[in-house]
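Summary of structural features
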Amino acid sequence: PSRLGGPWLLGVLACLLLWGSPGAWASYLRRSSSCMPIPHRMALCYDIGYSEMRIPNLLEHETMPEVIQQSSSWLPLLARECHPDARIFLCSLFAPICLDRSIYPCRSLCEAVKRSCAPVMACYGYPWPEILNCNKFPADHELCIAAVSTDENSSSRRMPRASCKDCELEEASTAREILENLCANDFAVKIRILRKNMTTTISDFDLDSSRVEVLKHGPLLRTEIPARLQQWLDIDATCVHNIMRGTHAGVFVVSGEVQSDKVVVNKAYAWQKNRNLHQAVRRWKHHRCPEQVG
């Protein structure tokens, strides 16, 4: 997962709200507990912004091997970039910071992460677990860890969400195979994608509007395509991340389907040093798809 450095800890402390009544929440520290360094093998929370965690943790895991094993099962979800605060939420439970009192995530933080990440889990047949039932966590007016990414600072773009269907860069064996794919999809466009940042948990991507070449627009108007593709860049973080492969910029031919108010990219080919792709695009202008013949 992407690292959140030291400044995040100050942000968390700034987000702590007023002390609430201890009730059931204080029962945690009545048990015997100890502070331990967060081990490097705990990839979910290592280098989260603080170095020590309390054992047992807030999910009743009593040994470090158990914590490492249970937390590692959440790494695939984190890689889906379903919510920018997913790591903060999970680590507040798996690796609670060592203070004089236990501090749980706010209910609103849980609900925000669940809203974005539960649908991704459902893609793979996993329900949102009962141990993360948001009703168990304190309301925002109590002492708790609040969301770092708020609607106010993310209103400029929609919250990224991963699609159930992964996409990867295709290895085209022949120009004919690429032409068949272009025929099978609703749209096909040659585009240039730019990564706006390389450091935050969720990457922002921009479409270079000066480098959009529409090969096939299907049910869309040509003028609609740039905006639809920018929407795709904003909301399908996993697909775009897979295509970019850590690069800052790249030129691709993408194709896919039009689904109500959005486009879904099914295939993507890197333009650079791809002779079969270059040949297919040259031939496309005069190519007739099977359903168009006759």
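Here is a short report on the structure shown in this document. On a predicted model such as this, the values are computed, not experimentally measured, just so you know. (Residues numbered from 1 in each chain as written. Predicted model: local features only at pLDDT ≥ 70, side-chain atom pairs only at ≥ 80, totals over all residues. Heavy atoms only, no water.)

With respect to the overall build of the protein chain
The secondary structure content of the protein chain amounts to ten helices and seven strands. Across the 294 residues of the protein chain, 49% fall into the buried class. Contacts in the protein chain between residues at least 24 apart in sequence constitute 74% of all its contacts with a sequence separation of at least 6. Total accessible area computed for the protein chain in this model is approximately 15,200 Å², and 53% of it derives from carbon and sulfur atoms. (Helix = DSSP H or I, 4+ residues; strand = E, 2+ residues; numbered from the N terminus. Buried < 20%, exposed > 50% of the residue type's maximum accessible area, 1.4 Å probe, protein only. Contact = heavy atoms within 4.5 Å. Areas by Shrake-Rupley, 256 points an atom, 1.4 Å probe, with all protein chains shown as cover.)

Some words on unusual backbone geometry
In this structure, Pro56 follows Ile55 across a cis peptide bond, with omega equal to -5 degrees. Although it is not a glycine, Lys273 adopts a positive phi angle of roughly 55 degrees. Relative to the helices and strands, Lys273 resides in the loop between strand E7 (262–270) and helix H10 (275–284). The exposure class assigned to Lys273 is exposed, which follows from its relative accessible area of 79%.

Let's talk about the nonpolar core
Ranked by size, the top nonpolar core spans 40 residues in total, and within it Met42, Phe89 and Trp128 carry the most contacts. When contributions to this core are tallied by element, the ones reaching two or more residues are strand E2 (52–55), helix H3 (64–72), helix H4 (75–79), helix H5 (86–94) and helix H6 (107–123). With residues near it in sequence (within four places) discarded, Met42 still touches Met53, Val67, Ile68, Ser71, Phe94 and Ala95. Formed by 23 residues, the second largest nonpolar core is a distinct cluster that contains Val189, Trp232, Val240 and Met244. (Core = buried A, V, L, I, M, F, W, Y, C linked by side-chain atoms within 4.5 Å.)

Topic: the state of the cysteines
Scanning the entire structure with this criterion turns up six disulfides. Two residues, Cys35 and Cys98, share a disulfide whose sulfurs are 2.3 Å apart. Of note, the bridge from Cys35 to Cys98 carries an S-S torsion of about -135 degrees and is left-handed in sense. One end of the pair, Cys35, is in strand E1 (residues 34–37); the other, Cys98, is in the loop between H5 and H6, with 63 residues separating them in the sequence. (Disulfide = S-S within 2.5 Å.)

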